[in-house]
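Architecture at a glance
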Amino acid sequence: MAKEDRFKKIIAHCKEYGFVFPSSDIYDGLGAVYDYGQNGVELKNNIKEYWWKSMVLLHENIVGLDSAIFMHPTVWKASGHVDAFSDPLIDNKDSKKRYRADVLIEEHREKILGKINKEVAKAAKRFGDDFNKAEFVSTNGRVLKYQGQIDEITRRFVEALENGDLEAVRQLIVDEKIACPVSGSRNWTEVRQFNLMFDTKLGSVAEGAHTIYLRPETAQGIFVNYLNVQKTGRMKIPFGIAQIGKAFRNEIVARQFLFRMREFEQMEMQFFVRPGEDAKWFDYWKKMRINWHNALGFNQDDYRFHEHEKLAHYANAAVDIEYNFPIGFKEVEGIHSRTDFDLKKHQEFSGKKLQFFDNEMNESYTPYVIETSIGLDRTFLLLLSAAYCEEDLGNDKGKNDKRIVLRIPAPLAPVKLAILPLLKKDGLPEIAKEIMSELRFEFNCQYEEKDTIGRRYRRQDAIGTPYCITIDHQTREDNTVTLRHRDTMEQERISIDKLKTIISEKVNISNLLKKLTQ
Ligand code: ATP
């Protein structure tokens, strides 16, 4: 299946099966804002639980926090977000479409690179085994011309950004004859910096009201609580603070479903370490985080690390974990070594000392910070992308010879067990409800009695339910049910009193957590 089709199908599936709806759907939605439906919210909660427990339960020196979305406006001045959290924007006057100027230039460079690759491929075909690529690209006239063009664009672009010269960015777009992909015209407005933070007013009357921001990341809530947590929790370095919460960014190009949203959720952990030990802990967290992903059991080739070439102003090392989404390899998580930048800045702006007295070293210092920051919604999309399967069963000529199955790891599945009486009579629903009333305390169960058993199985496959049990006439005689496994579709006869143990063992989140400590 083409990747684009797959992406569209996943989006449609999310809506059809109660995972994700466009926000304000009856009013035709709101750009890049989404609501999670009855199954989506369960899956999301399970992802949160897996992350939270992997941090707070498995590390004695990591504690949690839930800080407010609204924060003192100076927080964002100190962190650099007021001045620097922005994208350069340009509009096409004919199509009225808005673009990120840096993305237009980046795509233009990619196009030229594509021409080089074409020349190389042509030559490789012509020369066969004798082809020497290094020699070809360093001598071929056409390739050298294209490469020169790319280098010149890069030079001008970097210079313009370093000087904050937006007119020079625009001139580059004009000189390179970059056209709007929609209208095809080169009728551009000037370039403006566009801050990604949403602002609002605090206070009941307009005058005297203060402009405050909806937080664009949860991390700052952790930094400003560093001292509160360290002191009240009597925490010793190294220690971490973990938080899950909403973040808001006024993204300009927001057309990729859950991948780029304006309101989203982050799971962030700031780990405070001794200066000089940051490199060691950066490596530690890089390993821990990829293990967390790998424990989900998906294809490991679909993950890769992407080292940042250009570091943010606060970082001395940064790596992204990228996943092979149907829209290509893209960032799902960032691991950043943030030095003492944030704590020092907050110290400077607040006038409060944000330090740690290290007994062993007998000195005070501002801790360094390693951050792990993962998008909850992007993880949700990752799970859907990895789990979505269309299977041709080929065993039935009728309607049910195909199935869509979500191979979500059992501990994260929205519903763990579907309880299905074969018929709506002969006392079978009563037995089913009795089973339900006992097992509902252990894990999420769903009772269903409508439609044929085949249809009910398909519906459960489509939401990723790992187990179904069917109650039939034999149940009345020997207290056994049919247990059906989602992935293999195998069925086995099981005694009712064994259900709790068998299923609990498989759907417990500790199955995933144990893999992290091996
Ligand atoms: P990108 O380069 O894709 O815009 P970023 O580098 O700005 O992402 P960070 O600031 O490092 O992202 O945020 C940490 C994590 O938060 C990201 O790895 C991602 O999973 C998530 N995230 C960031 N922006 C969004 C968004 N608009 N929608 C959904 N998730 C997001």
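Presented here is a report on the structure given in the accompanying data block. These numbers were taken from a predicted model, which means no experiment stands behind them.

1. Regarding the overall build of the protein chain
What the protein chain contains, in helices and strands, is 18 helices and 23 strands. In terms of overall dimensions, the protein chain has a C-alpha envelope of 80 × 70 × 60 Å along the principal axes. Of all intrachain contacts in the protein chain linking residues separated by at least 6 positions in sequence, the fraction that spans at least 24 positions is 65%. Looking at the protein chain as shown, the accessible area adds up to about 26,200 Å², and 49% of this sits on carbon and sulfur atoms. Side-chain charges in the protein chain split into 78 positive and 79 negative, and the spacing between the mean points of these groups amounts to 3 Å.

2. Overview of the site of the ligand
Near the ligand you find 16 residues, and of these Glu251, Arg260, Met261, Glu331 and Val332 are the closest. Note that a nitrogen atom of the ligand is positioned 2.9 Å from one of the side-chain N or O atoms of Glu251. Burial of the ligand by the protein chains amounts to 82% of its free accessible area of 600 Å². Contributions of two or more residues to the shell around the ligand are made by strand 10 (263–273), strand 13 (328–339) and strand 16 (368–375). When residues of the shell around the ligand are assigned to their parent elements, the largest contribution, 5 residues, is made by strand 13.

3. Describing the sheet that holds strand 4 (residues 86–91)
With antiparallel pairing, 3 strands are arranged side by side in an open sheet as 5-4-6. Here the strands that pair on one side only, and so sit at the sheet edges, are strand 5 (98–100) and strand 6 (192–195). Across this sheet, the average inter-strand angle for adjacent strands is 45°, counted without regard to direction. Note that strand 4 and strand 6 share 4 bridges and pair antiparallel. Each bridged residue has a counterpart across the sheet, and for Leu89 the counterpart in strand 6 is Arg192. Sitting on the sheet, helix 5 (residues 101–127) is in contact with strand 4 and strand 5, with an inclination near 70° to strand 5.

4. Comments concerning the sheet that holds strand 23 (residues 491–495)
Pairing within the open sheet is mixed, and its 5 strands lie in the order 20-19-21-22-23. The sheet is open, and its two borders are formed by strand 20 (445–447) and strand 23, each paired with just one other strand. The mean angle between the axes of side-by-side strands here comes to 25°, regardless of whether they run parallel or antiparallel. Running at roughly 170° to strand 19 (residues 417–421), helix 15 (residues 453–463) makes contact with strand 19, strand 20, strand 21 (467–471), strand 22 (480–485) and strand 23 of the sheet.

5. Digging into the pattern of salt bridges
Taken as a whole, this structure holds 41 salt bridges when the rule is applied. Glu251 is paired through a salt bridge with Arg260; the nearest N and O atoms lie 3.4 Å apart. Looking at Glu251, the relative accessible area reads 7%, which means it is buried. Here Arg274 makes a salt bridge to Glu277, at a shortest N to O gap of 3.8 Å. Exposure remark for Arg274: the relative accessible area of 19% places this residue in the buried category. On the basis of relative accessible area, Glu277 is assigned to the partly exposed category, the value being 26%. The network of salt bridges with common partners includes Glu391, Arg403, Arg407, Arg458, Asp461, Arg484, Arg486 and Asp487.

6. Points about the packing of helix 2 (residues 38–57) against helix 11 (residues 278–294)
Running from N to C, helix 2 and helix 11 cross one another at 145°; their axes reach a closest spacing of 12 Å. Note on packing geometry: the crossing formed by helix 2 with helix 11 is right-handed. Only Trp285, Arg289 and Trp292 of helix 11 make contact with helix 2, whose side of the interface consists of Ile47, Tyr50, Trp51, Ser54 and Met55. When grouped by side-chain class, the residues that make up the contact of helix 2 with helix 11 number 6 nonpolar, 1 polar and 1 charged.

7. Topic: the nonpolar core
Ranked by size, the top nonpolar core spans 60 residues in total, and within it Leu43, Tyr50, Trp51, Trp285, Phe380 and Leu412 carry the most contacts. No other element matches helix 13 (residues 376–387), which puts 7 residues into this core.

8. Description of helix 5
Along its 27 residues, helix 5 runs 40 Å from first to last C-alpha, staying within 8% of the 39 Å computed at 1.5 Å per residue. Taken together, the buried positions of helix 5 are occupied by Ala101, Asp102, Leu104, Ile105, His108, Arg109, Ile112, Ile116, Glu119, Val120 and Ala123. Where the residues of helix 5 are buried, they touch strand 4, strand 5, helix 6 (133–139), helix 7 (141–162) and helix 8 (166–175). A positive backbone phi angle near 60° is found at Gly128, which sits one or two residues after helix 5.

9. Considering the packing of aromatic side chains
For the structure on display, the rule yields 21 aromatic pairs. Taking the centre distance of 6.5 Å and the plane angle of 80° together, the rings of Phe7 and Phe257 count as edge-to-face. Taken together, the positions of Phe7 in helix 1 (residues 3–16) and Phe257 in the loop between strand 9 (239–248) and strand 10 put the pair 250 residues apart, joining distant regions of the chain. Here the aromatic cluster, defined as three or more aromatic residues joined through ring pairs, consists of Phe223, Tyr226, Phe239 and Phe272. The ring of Phe305 has Lys286 sitting right over it, with the charged end atom 4.8 Å from the ring centre. The ring centre of Phe329 lies 4.2 Å from the NZ or CZ of Arg304, which sits over that ring.

10. Section: unusual backbone geometry
Most peptide bonds are trans, and most residues other than glycine sit at a negative phi. The omega torsion of the bond from Ile237 to Pro238 falls at 5°, within 30 degrees of zero and hence cis. Structurally, Pro238 can be placed in the loop between helix 10 (226–232) and strand 9. For Asn362, which is not glycine, the phi torsion reads 55° and is therefore positive. Since its relative accessible area comes to 59%, Asn362 is described here as exposed. With phi around 65°, Met489 is a residue other than glycine that occupies positive phi space. As for its placement among the helices and strands, Met489 is situated in the loop between strand 22 and strand 23.

Conventions used here
- Residues numbered from 1 in each chain as written.
- Predicted model: local features only at pLDDT ≥ 70, side-chain atom pairs only at ≥ 80, totals over all residues.
- Heavy atoms only, no water.
- Helix = DSSP H or I, 4+ residues; strand = E, 2+ residues; numbered from the N terminus.
- Contact = heavy atoms within 4.5 Å.
- Areas by Shrake-Rupley, 256 points an atom, 1.4 Å probe, with all protein chains shown as cover.
- Lys, Arg positive; Asp, Glu negative; His and termini not counted.
- Charge placed at Lys NZ, Arg CZ, Asp CG, Glu CD.
- Near = heavy atom within 4 Å.
- Polar contact = N/O pair within 3.5 Å; in protein donor to acceptor, adjacent residues only side chain to side chain.
- Pairing = 2+ DSSP bridges.
- Axes fitted to C-alpha atoms, helices over the stretch in contact; angles between N-to-C directions.
- Salt bridge = Lys/Arg side-chain N within 4 Å of Asp/Glu carboxyl O.
- Buried < 20%, exposed > 50% of the residue type's maximum accessible area, 1.4 Å probe, protein only.
- Left-handed = near helix turned anticlockwise from the far one by under 90°.
- Nonpolar A, V, L, I, M, F, W, Y, C, P; charged D, E, K, R; others polar.
- Core = buried A, V, L, I, M, F, W, Y, C linked by side-chain atoms within 4.5 Å.
- Expected span 1.5 Å × (residues − 1).
- Phe/Tyr/Trp six-rings, centres within 6.5 Å; stacked < 30°, edge-to-face > 60°.
- Lys NZ or Arg CZ within 6 Å of the ring centre and 35° of its normal.

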